[in-house]
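The lines below spell out each chain.
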Amino acid sequence: MSDDSKTYPVPEAFASQANLTPEKYREMYAASIADPAAFWGEQGKRLDWMTPYTVVKDVSWETGDLHVRWYSDGVLNVTANCIDRHLDTRGDKAAFIWEGDKPGESHTVTYRQLHASVSKFANVLKELGVKKGDRVTIYMPMILEAAYAMLACARIGAVHSVVFGGFSPEALAGRIVDCGSEVLITADEGLRGGKSVPLKVNADKAAGIAGGTVKKMLVVKRTGGNVSMTEGRDHWLHEIGATVSADCPPEPMNAEDPLFILYTSGSTGKPKGVLHTTGGYLLWASMTHEYVFDLKENDIFWCSADVGWVTGHTYIIYGPLANGATSVMFEGVPTYPDASRFWQVCDKHQVTIFYTAPTAIRALMREGEGPVNKTSRKSIRLLGTVGEPINPEAWEWYFHVVGEARCPIVDTWWQTETGGTLIVPLPNTTDMKPGAGSHPFFGIKPILVDADGRELEGAADGNLLITDSWPGQMRTVYGDHQRFVETYFTAYPGKYFTGDGCRRDADGFYWITGRVDDVINVSGHRMGTAEVESALVSHDAVAEAAVVGYPHDIKGQGIYAYVTLRAGCEADDALRKNLVAHVRNEIGPIASPDLIQFAPGLPKTRSGKIMRRILRKIAENEFSNLGDTSTLAEPEVVKDLIDNRQNR
Ligand code: 6R9
């Protein structure tokens, strides 16, 4: 359990060199709230504009006329900001230090080299016919070409949609079709934890499922594994790359032109294409990266996320590069070849700021202190976490064992939708409470409300809303503005509903308590229960399925599936295995159910709605207090569910 009263002061050695102070934070925060247009007008100057903006904020959160625009008459290019403007002063500085899956394989890319590689890649895309505004899907392992591909799109004004390399062909195809992406960039194979991932094979299957949408496929050679190339459609990057010039001027983009789409799970329906635009997003990425991580010119920053998630977009690519920082890009996994890999990489590259997910911390914690203690970690001065609430035990371990009580921890709360961090204990501005997201970033006004939308004052527990826009906010759901309005602005009109529950303690610290909708957070990855359910019912044996989360030691939440079978189907372990394989096939390994319970029936209301509250309680092993079950159509199904529960 979290303990409100347990606090740690910022370690002295850190405090004495920190960029911020509590006073400075208070002053800037007050200014950002008192006059947002003036504050953001000033902050916008951290970017280089081809045409400066005169309008700062043009936002309405009224459901009838919902629009979010920042710096809307400004013109800029993201890569001019992330690369070109650093060339004079940082041309020979490392932009990326790439560390391969296999220890010993690493290399460094300077800003000047990055400029050449991205320009070439952009010219390759032009050769393939990609134009400003076109959508390009990127399905790649964690290799530098993934970064080049994203930046090449931004250079010519194409809109990238990165799909995590662990997603299945089905999931990839759905995302390709949704945004009408005619170009797909992939690699022959990925490499993770010593195993190869058949990306090109998956991409071929996805192109087949997407039925003619994919006109061109650009393939990067990573492993040299054997793959088949479709004549006329598929091209090797190294072949076209050898023919194009390394000169590609950055395309002038309006601040509100789309930069990328990133699909994320919600409580209903298929994943939505979260759309971010050029100016406001880049500003948010850059500013949060600098302030949240106390950034200095000589830092070596490492965010261990995958570029397939928003954390990779903002804190591997856009934030660090906009700030001219050096960042580590890691192809592998925390436990390969063994559980000290993270810390060995920190020592090897002298990482100063390390940012990872609670699920990785818990997995490493399970291996004990040995793998940590055999490394030095002296270079590290700041630690960060993201993706899910961090339990105090994991926080303490991260602080004491990994950071030797020397490094503050920034627990960054944010979402794909928010573009970058919104709630965080900014370094050296506050005492730290293990597990607390703590305080709002500049310009962010969080409030807590009860189920009826009444604002709660003081110490309270409720739903977390944000009351005003910030530049990094998503602009729409790609192709479905109404869904944007309905998902985020309808339950509490005029305010942004985060989908998260949150507690504010008596000292004013915010503690994120987790999703209050039908989204579960498995190892920091968002899964809509509806997606897993629809994958399950697409199996011939399944009549009906209901999926809920349950507490899981390492993953944070595990996936618990209740399944009713069609008549004549045998409820046995073979079918269980079969269903898990089916879901992996439909969505990907991250959606694999951890527990499957076969049930003769599911608890439903008389109007036929599945009572998830009851299913959640049983999955959590808290069935002694199921609340009111009198509205159930068939109350007796509950007894069977309890008797046959899997989570004992
Ligand atoms: C960045 C990212 C967003 C959801 C979010 C919340 C959970 C993220 C958290 C956290 C507690 C943190 N979440 N960071 N919960 N403390 N520091 O993860 O984006 O994949 O869209 O997930 O993750 O529930 O609503 P995304």
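Predicted model, so just to flag it, every value in this text is computed and none were measured. (Residues numbered from 1 in each chain as written. Predicted model: local features only at pLDDT ≥ 70, side-chain atom pairs only at ≥ 80, totals over all residues. Heavy atoms only, no water.)

**Some details on the domain arrangement of the protein chain**
Our working rule: An automatic or database domain assignment is the source of the domain bounds shown. Residue contacts are defined here by distance: any two heavy atoms, one from each residue, within 4.5 Å place the two residues in contact. Two parts lose some accessible area (1.4 Å probe) when they are put together, and adding that loss for both gives the buried area. In the sections that follow, a salt bridge refers to a side-chain nitrogen of Lys or Arg positioned within 4 Å of a carboxyl oxygen of Asp or Glu. We call Asp, Glu, Lys and Arg charged. Ala, Val, Leu, Ile, Met, Phe, Trp, Tyr, Cys and Pro are nonpolar, and the rest, Gly among them, are polar.
Taken as a whole, the protein chain is organised into domain 1 (111-254) and domain 2 (523-644). A separation of 37 Å is found between the C-alpha centroids of domain 1 and domain 2. Every contact between the two is made by six residues of domain 1 and, on the other side, seven residues of domain 2. Summed over both sides, the interface of domain 1 with domain 2 buries roughly 480 Å², with 56% coming from carbon and sulfur. In terms of surface lost to domain 2, no three residues of domain 1 exceed F167, S168 and E170, which account for 60% of the buried area on that side. In this assembly, domain 1 and domain 2 are joined by zero salt bridges. When grouped by side-chain class, the residues that make up the side of domain 1 that touches domain 2 number three nonpolar, two polar and one charged.

**Here we look at the sheet that holds strand β11 (residues 216-220)**
For the record, the criterion: Two strands qualify as a pair provided DSSP detects at least 2 bridges between them. Each helix is a run of H or I in the DSSP string that is no shorter than four residues. Each strand is a run of E no shorter than two, and both are numbered from the N terminus.
The strand order across the open sheet built from eight strands is β12-β11-β8-β6-β7-β14-β15-β24, with neighbouring strands paired in mixed fashion. The sheet terminates laterally at β12 (234-236) and β24 (476-477), the two strands that pair on one side only. Where strand β8 (residues 183-187) meets β11, five bridges bridge the pair, whose relative direction is parallel. Pairing of A187 across the sheet is with V220, part of β11.

**Some points on unusual backbone geometry**
The linkage connecting Y336 with the following residue, P337, adopts the cis geometry, with an omega of -5°. Relative to the helices and strands, P337 is located in the loop between β17 (326-330) and α13 (341-349).

**Some words on the environment of D411**
Secondary-structure assignment places D411 in strand β20 (residues 409-412). C-alpha of D411 to C-alpha of G437: the two residues are 26 residues apart in sequence and 5.5 Å apart in space. Here D411 is in contact with T385, I390, I423, V424, P425, G435, A436 and G437, once residues within four sequence places are set aside.

**Let's talk about the nonpolar core**
Put simply, the test is: For the purposes of this section, nonpolar cores are sets of buried Ala, Val, Leu, Ile, Met, Phe, Trp, Tyr and Cys residues that join through side-chain atoms within 4.5 Å. Classification of residues uses two cut-offs on accessible area relative to the type maximum, computed with a 1.4 Å probe and protein chains only: under 20% is buried, over 50% is exposed, and between them is partly exposed.
Within the largest apolar cluster, 158 residues are counted, with the highest numbers of intra-cluster contacts made by L114 and Y318. No other element matches helix α7 (residues 144-156), which puts eleven residues into this core. When residues of this core are assigned to domains, at least three map to each of domain 1 (111-254) and domain 2 (523-644). The contact partners of Y318, leaving out residues within four places of it in the chain, are V78, C82, M150, L151, A154, H160, L259, F260, Y281, L282, A285 and H313.

**Details of helix α12 (residues 310-322)**
Because an α-helix packs 3.6 residues into every turn, residues spaced three or four apart end up facing the same way. When you tally the buried positions in α12, you get 13 out of 13 residues, the bulk of the element. Taken from the residues just after α12, G324 is the one with a positive phi, measuring 65°.

**What to know about the packing of aromatic side chains**
Heads up, the rule is: Each pair of aromatic rings taken from Phe, Tyr and Trp, with Trp reduced to its six-membered ring, is defined by centres within 6.5 Å and is described as stacked if the planes are under 30 degrees apart, edge-to-face if over 60, and tilted in the remaining cases.
Enumeration according to the criterion identifies 45 aromatic pairs in this entry. The interplanar angle of 45° and the centroid separation of 6.2 Å between the aromatic rings of W70 and Y71 together place this pair among those described as tilted. Each member of the pair W70 and Y71 is classed as buried. Both rings, one in F441 and one in F442, keep their centres 4.9 Å apart while their planes meet at 55°; by these two values the pair is tilted. Like F441, the residue F442 is buried in the burial classification.

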